[in-house]
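Spelled out from the first residue to the last, the chains are:
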Amino acid sequence: MGHIILGIESSCDDTSAAVLQDTTLLSSVIASQAVHARYGGVIPELASRAHQQNIVPVVDTALKEAGITIDKVDAIAFTRGPGLLGSLMVGTSFAKGLSVAHNIPMVEVNHLYGHILSPFVVIPDTEHREPQFPFLCLLVSGGHTQIAKVNSPFDMEIVGSTIDDAAGEALDKCAKVMGLPYPGGPVIDALAKEGDAEAFTFARPRIGEYDFSFSGLKTSFLYTLRDAVAENPNFIEERKADLCASILHTVVEILIERLVKASKQLGIKDIAIGGGVAANSLLRARVAEEGEKRGWRTFIPERRFTTDNAAMIAVAGYYKYMQGEFAALDVAPKARF
Ligand code: KG4
Ligand code: ZN
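Since we're looking at a predicted model, the values are computed, not measured.

What counts, and where the lines are drawn
- Residues numbered from 1 in each chain as written.
- Chains lettered and ligands numbered in written order.
- Predicted model: local features only at pLDDT ≥ 70, side-chain atom pairs only at ≥ 80, totals over all residues.
- Heavy atoms only, no water.
- Near = heavy atom within 4 Å.
- Polar contact = N/O pair within 3.5 Å; in protein donor to acceptor, adjacent residues only side chain to side chain.
- Areas by Shrake-Rupley, 256 points an atom, 1.4 Å probe, with all protein chains shown as cover.
- Helix = DSSP H or I, 4+ residues; strand = E, 2+ residues; numbered from the N terminus.
- Nonpolar A, V, L, I, M, F, W, Y, C, P; charged D, E, K, R; others polar.
- Pairing = 2+ DSSP bridges.
- Axes fitted to C-alpha atoms, helices over the stretch in contact; angles between N-to-C directions.
- Core = buried A, V, L, I, M, F, W, Y, C linked by side-chain atoms within 4.5 Å.
- Buried < 20%, exposed > 50% of the residue type's maximum accessible area, 1.4 Å probe, protein only.
- Contact = heavy atoms within 4.5 Å.
- Salt bridge = Lys/Arg side-chain N within 4 Å of Asp/Glu carboxyl O.
- Phe/Tyr/Trp six-rings, centres within 6.5 Å; stacked < 30°, edge-to-face > 60°.
- Lys NZ or Arg CZ within 6 Å of the ring centre and 35° of its normal.

This paragraph deals with the site of ligand 1. Lining the immediate surroundings of ligand 1 are 19 residues, of which Gly 142, Asp 172, Asp 189, Gly 276 and Asn 280 lie closest. Interatomic distance of 2.7 Å between a side-chain N/O atom of Asp 172 and an oxygen atom of ligand 1. In the environment of ligand 1, a nitrogen atom lies 2.9 Å from a nitrogen or oxygen atom belonging to the side chain of Asn 280. Contact with the protein chains hides 88% of the accessible area of ligand 1, taken as 550 Å² for the molecule alone. Elements that contribute at least two residues to the shell around ligand 1 include exactly helix H3 (111–117), helix H4 (167–177) and helix H5 (184–192). Residues that form the shell around ligand 1 fall into these classes: 5 nonpolar, 11 polar and 3 charged.

Have a look at this one:
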């Protein structure tokens, strides 16, 4: 019947559980936490409490939807980090409890490996293609922005990364100053579709070959707003769509430029994207477009598997399980790696 892997993800503000049979998805449940919206960002203490409330029903539902009872589970894969310590603690402790109670081995997963390996989740009734090693992954989330050369499910090299803000963080901050709700990325995605991407020009970084920087862009966005609002207090309201389209266009072109350069210089044409910002319509379209032009094979996971989810944790856990790499019971979560 194959190996049954239960994945548990609780690194930030989504509590998620998924069940795989080998790499095939049997179920995926994600409970997002609405509690943070009114604060304009994730409040760690509230996130931990919400995970604590969600974790039992989320895992229970994932098992039921998969038609699997806990005694059939061969391994429990959980996110050890990076992420918010209190949030990680909930998933880690829960995994330990299940492991001890049912005598099931645990596998610890690095959240970033999860995002990077998401194209390997086989989704029933959809055509499955997966990248060949080594491939490049543009990993863009709220906490990370990097290009990884992925040599195997266990070995990746960071080719370039942000020296300041992450792409998602930059979008979230720009959204916040425009008075848009958190998380700002999806809101900017939607509003940008009605705006003119050429309306405003924002600073682009001039740094190392494959590295990213978004703090200059954020500052130039703030200055544009400050000067414009001084002249017209309704400026943001009137030009919201153009502002969103322009900021998103700039962020996406920064990402694409580095990705194209890395692909050319490393001679790698299997290109994947992952992380919450990979849910973005413009980025997805631009990666597909560059791929056509440059003969890449592109791997753009379904949106629900680009933002935080446990299916990606389960698939990364599957590869470690097959190698016999188990976590000890005294394993502690790690906020940073
Ligand atoms: O991977 P993720 O769910 O959590 C982290 O590990 O950080 O990424 C969350 C980030 C947030 O910054 C959010 O604004 C961004 O992903 N995001 C998007 C979209 N959906 C989520 N950014 C742009 N367009 C989207 N559709
Ligand atoms: Zn993530």
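Note on sheets: strands pair through backbone hydrogen bonds, and any given pair is parallel or antiparallel. The sheet built from 5 strands is open, its strands ordered S8-S7-S6-S9-S10 with mixed pairing. Edge strands, defined here as strands with exactly one partner in the open sheet, are strand S8 (155–161) and strand S10 (297–299). On average, each strand axis in the sheet is inclined to that of its neighbour by 25°, with strand direction left out of account. Bridge analysis of strand S7 (residues 145–152) against S8 gives 6 bridges, and the strand direction is antiparallel. Across the sheet, the residue bridging to Ile 147 is Gly 160, located in S8.

A few words now on the nonpolar core. Residues Leu 138, Met 178, Ile 188, Phe 214, Leu 255 and Leu 283 are the most contacted members of the largest nonpolar core, which totals 45 residues. Mapped onto this core, the elements with two or more residues apiece are strand S6 (135–140), H4, H5, helix H6 (215–231), helix H7 (235–266), strand S9 (270–274) and helix H8 (281–294). Top contributing element to this core by residue count: H7, with 15 residues. Not counting residues up to four positions away in its chain, the partners in contact with Leu 255 are Leu 138, Val 140, Thr 145, Ala 167, Phe 212, Phe 214 and Leu 283. In this structure, Ala 18, Ile 116, Cys 137 and Phe 305 belong to the second largest nonpolar core, which totals 34 residues.

With 6 of 8 residues buried, S7 is to be regarded as a mostly interior element. Relative to S7, S6 runs antiparallel, the two sharing 6 bridges. Looking at S7, one finds that Val 140 is bridged to Thr 145. Hairpin connection, S6 to S7: the antiparallel pair is bridged by 4 residues. Remark: 2 residues form the turn of the hairpin made by S7 and S8, two consecutive strands paired antiparallel.

What follows deals with the pattern of salt bridges. Scanning all chains against the criterion turns up 21 salt bridges. With a shortest N-O distance of 3.6 Å, Glu 157 and Lys 149 are connected by a salt bridge. Notably, a salt bridge pairs Glu 169 with Lys 173, separated by 3.2 Å at the nearest N-O pair. Of this pair, Glu 169 and Lys 173 both sit in helix H4, separated by 4 residues, roughly a single helical turn. With relative accessibility at 25%, the residue Glu 169 sits in the partly exposed group. The class for Lys 173 is partly exposed, based on a relative accessible area of 33%. In the salt-bridge network here, residues are joined through shared partners; they are Glu 253, Arg 286, Glu 289, Glu 290, Lys 293 and Arg 294.

Centre distance and the angle of the planes are the two values used to describe a pair of aromatic rings. Under the criterion given, the structure shown has 10 aromatic pairs. An angle of 10° between the planes, with centres 6.3 Å apart, marks the rings of Phe 212 and Phe 214 as stacked. By the ring-pair criterion, three or more aromatic residues cluster together here, those being Phe 120, Phe 133, Phe 135, Tyr 318 and Tyr 319. For the cation-ring pair, Lys 334 lies above Phe 337, with the distance from its terminal atom to the ring centre recorded as 4.6 Å.

That is the geometry; function is a separate question.
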